[in-house]
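A closer look at the structure
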Amino acid sequence: MPERTDQTPDVHTLLNQVADRLDEKYAHKPMLEPLALAQALVVAEHTHGPTPAADAAERAIVATLPPIRTGDTRAEYAARVRLIAQEVAA
């Protein structure tokens, strides 16, 4: 049975997974936009495989990610991503 792509991905869970990945390695290093985009792709494809659902999930993650502030570390950015995930879940 093919995956449904008309359903909204669970952005709350996906954002928390992105934040976890950012905290796992080099949390003290600077946060960069290419890293945020790469993590969105990795989490989406890890969750859904290379499917249209993964494309929808990636777009939902990217649309929800906060802007990166000058001087943000990966850990600081991950904390803000978790706050947004909480708002999405509320």
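Keep in mind that what you see is a predicted model, and the values were worked out from it rather than measured. (Residues numbered from 1 in each chain as written. Predicted model: local features only at pLDDT ≥ 70, side-chain atom pairs only at ≥ 80, totals over all residues. Heavy atoms only, no water.)

1. Concerning unusual backbone geometry
Even without a glycine there, the phi angle at tyrosine 26 is positive, about 55°. With respect to the element layout, tyrosine 26 can be found in the loop between α1 (11-24) and α2 (33-48). (Helix = DSSP H or I, 4+ residues; strand = E, 2+ residues; numbered from the N terminus.)

2. Some words on the confidence of the model for the chain
Detailed reading of predicted coordinates is not advised where the pLDDT is low. Across the chain, pLDDT averages 90, with 87% of residues at or above 70. Counting interchain partners and residues more than four positions distant, the pLDDT-below-50 stretch residues 1-6 has five contacts. (pLDDT = per-residue confidence, 0-100. Contact = heavy atoms within 4.5 Å.)

3. Some details on the pattern of salt bridges
Inspection of every chain in the model, using the stated rule, returns three salt bridges. Arginine 80 is the salt-bridge partner of aspartate 72, the closest N and O atoms lying 2.8 Å from each other. Residue aspartate 72 shares its accessibility class with arginine 80, and that shared class is buried. Within this structure, Asp20, Asp23 and Arg82 form a network of salt bridges that share partners. (Salt bridge = Lys/Arg side-chain N within 4 Å of Asp/Glu carboxyl O. Buried < 20%, exposed > 50% of the residue type's maximum accessible area, 1.4 Å probe, protein only.)

4. Here we look at the environment of alanine 44
You can see alanine 44 is positioned in helix α2. Setting aside residues no more than four positions away along its own chain, alanine 44 makes contact with Gly49, Ala54, Ala57, Glu58 and Ile61.

5. A look at the packing of aromatic side chains
The tally for this structure, following the rule as stated, stands at zero aromatic pairs. Its guanidinium or amino end placed over the ring of tyrosine 26, lysine 29 lies 4.6 Å from that ring's centre, counting from NZ or CZ. (Phe/Tyr/Trp six-rings, centres within 6.5 Å; stacked < 30°, edge-to-face > 60°. Lys NZ or Arg CZ within 6 Å of the ring centre and 35° of its normal.)

6. Let's talk about the environment of lysine 25
Mapped onto the fold, lysine 25 is located in the loop between α1 and α2. Here the alpha-carbon distance between lysine 25 and arginine 74, two residues 49 residues apart in the chain, equals 8.8 Å.

7. A few points about the nonpolar core
Leu15, Leu22, Met31, Ile61, Leu65, Tyr77 and Val81 are the most contacted members of the largest nonpolar core, which has 22 residues in total. Only α1, α2, α3 (52-64) and α4 (74-89) provide two or more residues apiece to this core. The biggest single contributor to this core is α1, with six residues. (Core = buried A, V, L, I, M, F, W, Y, C linked by side-chain atoms within 4.5 Å.)

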